[in-house]
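Residue strings, one per chain:
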Amino acid sequence: MSRLKQYDTLLVSDFEEMVYHLPVHAHTYYELVYIYSGNGVHVLNDISMPYSAGDLFVISQEDQHHFRINEITRFIMIKFTDSYFKHQSHTSFNESFTIVPELVMRQKLLKEIKLEFEEPYKTILHNAIDNIILYNKYKNPASSPFVYQQLLSIFGLIKEVILKLDERIDNGLPKKEALISYLHENIYDPQKYQARHVAEHFNISINYFSGYFKRNFEITYRDYINNYRTKLIEKRINSGQVNMKQIAAEFGFTDESHLSNYFNKHHKSRPSVLRKRVLKLAETT
């Protein structure tokens, strides 16, 4: 994986593409990516998020990402180094301004879900981007107090969105115990433990649910379900009291072959191999 370097404190790129010109990559700088037009998928740290006009993504040095373009997309990329906000002589943060852009760019939450800008924030963001684009056409934006203020306004909008996300996540999602209890009760019904169904059951957005689960359990939702199912299947096999056809039916597999392929993928061994070991052990005891 390549890591792109930048020595200028601030650069603004404005371009259109139908095929994104970079593979999965990381940066030595921070990057705000604004989708001016078009749509596709942004893959950030292996999490795929659909994008469309008006979306904004924040990328820091710890991240890796790339874009899969469905419709020709105009990207506005505002790239700045650690020194940009620290060495501004024309203005500075005061005590009432509590946003530190570098910390915002590293917010884990903003890498797991897509920022949702409602009005009037969406229009304000678009206008700020237009102002930066226009200035960039004529002058170097790195030393401009005007561009600096536009960027501060963008981070102010991001802060507003973060506050709303905190309210929706902290107040709208279930307690960890309630969620796990629900999953364990419904692990035998593939329809009921689908992420979308679980989110609907607890009356939350699927976009927030996936990020919430990973933050609270330090594992993706899909991996948790697969690990738990595999352990339960292993216990059924080890019990020696049910056959493969019964186990397949119990866990909602279409047939024994489907069960065997699933178990082999997540357990790295076939159920038949494990069953033979159980039978052999039973014969010796």
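Residues numbered from 1 in each chain as written. Predicted model: local features only at pLDDT ≥ 70, side-chain atom pairs only at ≥ 80, totals over all residues. Heavy atoms only, no water.

Participant: Help me understand the nonpolar core, please; the structure alone is not making it clear to me.
Facilitator: Inside soluble globular proteins, nonpolar side chains tend to come together where they are buried. Membership of the largest hydrophobic core comes to 34 residues, with the highest contact counts inside it found for Leu32, Phe80, Phe117, Leu151, Ile154 and Ile158. Secondary-structure elements contributing two or more residues to this core are β2 (10-17), β4 (30-44), β6 (56-59), β7 (65-80), α1 (83-86), α2 (101-105), α3 (121-138) and α4 (145-172). The element best represented in this core is α4, accounting for 10 residues. Not counting chain neighbours up to four residues away, the residues in contact with Phe80 comprise Gln6, Thr9, Leu10, Tyr29, Tyr30, Leu32, Phe85, Met105 and Phe155. Grouped together as the second largest cluster of nonpolar side chains are 28 residues, Phe202, Ile204, Ala248 and Phe251 included. (Core = buried A, V, L, I, M, F, W, Y, C linked by side-chain atoms within 4.5 Å. Buried < 20%, exposed > 50% of the residue type's maximum accessible area, 1.4 Å probe, protein only. Helix = DSSP H or I, 4+ residues; strand = E, 2+ residues; numbered from the N terminus. Contact = heavy atoms within 4.5 Å.)

Participant: Whenever I open this one, the side chain of Glu31 confuses me. Can you help?
Facilitator: Topologically, Glu31 is positioned in strand β4. The side chain of Glu31 sits in the buried core without any salt bridge; Lys79 is the nearest counter-charge, 4.8 Å away. Looking at Glu31, its side chain comes within polar contact range of the side chain of His27, at 3.5 Å. Setting aside chain neighbours within four positions, we find Glu31 in contact with Phe57, Val58, Ile59, His65, Met77, Ile78, Lys79 and Met105. (Lys, Arg positive; Asp, Glu negative; His and termini not counted. Salt bridge = Lys/Arg side-chain N within 4 Å of Asp/Glu carboxyl O. Polar contact = N/O pair within 3.5 Å; in protein donor to acceptor, adjacent residues only side chain to side chain.)

Participant: Hey, could you run me through the pattern of salt bridges in this one?
Facilitator: Side chains that carry opposite charge are capable of pairing whenever their charged atoms lie near each other. Tallied over the entire structure, the rule returns three salt bridges. The closest approach of N and O atoms between Asp14 and Arg74, which form a salt bridge, is 2.7 Å. Here the residue Asp14 occupies a position in strand β2, and Arg74 occupies one in strand β7, the gap between them amounting to 60 residues.

Participant: How should I be thinking about the environment of Asp223 in this particular structure?
Facilitator: Along the chain, Asp223 turns up in helix α8 (residues 221-239). Sequence separation of Asp223 and His266 is 43 residues, and the distance between their C-alpha atoms is 9.4 Å.

Participant: What am I meant to see in helix α5 (residues 176-185) here?
Facilitator: Each α-helix turn comprises 3.6 residues. Residues three or four places apart therefore point the same way. Of the residues making up α5, those classed as buried are Leu179, Ile180, Tyr182 and Leu183. Along α5, the residues classed as buried sweep out an arc of 160° about the axis, all on the same side. Opposite the buried face of α5, by more than 90 degrees, sit the exposed residues Glu177 and Glu185. (Arc of directions from axis to C-beta.)

Participant: What should I look at first to understand the packing of aromatic side chains in this one?
Facilitator: Describing an aromatic ring pair means giving the distance of the ring centres and the angle of the ring planes. Scanning the model with the defined rule gives 26 aromatic pairs in all. Seen in terms of ring centroids, Phe80 and Phe85 are 5.2 Å apart; in terms of plane orientation they differ by 85°. Their pairing is edge-to-face. Like Phe80, the residue Phe85 is buried in the burial classification. Three or more aromatic residues link up through ring pairs in this structure, and these residues are Phe15, Tyr20, Tyr51, Phe57, Phe67 and Phe75. Its end group placed over the ring of Tyr36, Arg74 keeps NZ or CZ at 4.1 Å from the ring centre. One residue, Arg229, lies across the ring of Tyr262, its end atom 4.8 Å from the ring centre. (Phe/Tyr/Trp six-rings, centres within 6.5 Å; stacked < 30°, edge-to-face > 60°. Lys NZ or Arg CZ within 6 Å of the ring centre and 35° of its normal.)

Participant: What am I meant to see in the packing of α8 against helix α10 (residues 256-267) here?
Facilitator: Working note: a packed helix pair is described by the angle between its axes plus the distance between those axes. Viewed as axis vectors pointing N to C, α8 and α10 meet at an angle of 115°, and their least axial separation amounts to 10 Å. What the angle tells us is that α8 and α10 run roughly perpendicular. Handedness of the crossing formed by α8 with α10: left-handed. Here Ile225, Asn226, Arg229, Thr230, Ile233, Glu234 and Ile237 of α8 come into contact with α10, specifically with Leu259, Tyr262, Phe263, His266 and His267. Across the contact of α8 with α10, the residue classes break down as six nonpolar, four polar and two charged. (Axes fitted to C-alpha atoms, helices over the stretch in contact; angles between N-to-C directions. Parallel < 35°, antiparallel > 145°, perpendicular 65-115°, else oblique. Left-handed = near helix turned anticlockwise from the far one by under 90°. Nonpolar A, V, L, I, M, F, W, Y, C, P; charged D, E, K, R; others polar.)

Participant: Teacher, can you tell me more about the packing of α5 against helix α7 (residues 206-217) here?
Facilitator: One can describe the packing of α5 onto α7 by two numbers: an axis separation of 12 Å at closest approach and a directional angle of 105°. Taken together, α5 and α7 sit at an angle that is classed as roughly perpendicular. Where α5 approaches α7, its residues Lys176, Leu179, Ile180 and Leu183 are matched on the opposing element by Phe209, Tyr212, Phe213, Asn216 and Phe217.

Participant: I tried to follow the environment of Glu102 on my own but got confused; where do I start?
Facilitator: Looking at the element boundaries, Glu102 is found in helix α2. Look past the residues within four positions of Glu102 in its chain and what remains in contact with it is Tyr30, Asp82, Phe85 and Lys86.

Participant: Before we go on, may I ask you to explain the environment of Phe253 in this structure?
Facilitator: Along the chain, Phe253 falls in the loop between α9 (244-250) and α10. Between the C-alpha atoms of Phe253 and Pro190, which are 63 residues apart in sequence, the distance is 8.8 Å. With residues near it in sequence (within four places) discarded, Phe253 still touches Arg229, Ile233, Ala248, His258, Leu259 and Tyr262.

Participant: Hey, could you run me through α10 in this one?
Facilitator: Compared with an ideal rise of 1.5 Å per residue, which puts 12 residues at 16 Å, α10 spans 16 Å between its outermost C-alpha atoms and is within 8% of the ideal. Where α10 begins, the capping side chain belongs to Asp255, and its oxygen is found 3.1 Å from the backbone nitrogen of Ser257. (Expected span 1.5 Å × (residues − 1).)

Participant: Could you clarify how one ought to interpret the confidence of the model for the protein in this entry?
Facilitator: Model confidence for the protein is summarised by a mean pLDDT of 85, while 88% of its residues fall at 70 or above. Across residues 89-97 the pLDDT falls below 50, and counting only partners more than four positions away or on other chains, this stretch makes 13 contacts in the model. Predicted confidence is poor over residues 167-172, with pLDDT under 50, and the contacts of this stretch with residues over four places away or in other chains come to 10 contacts. (pLDDT = per-residue confidence, 0-100.)

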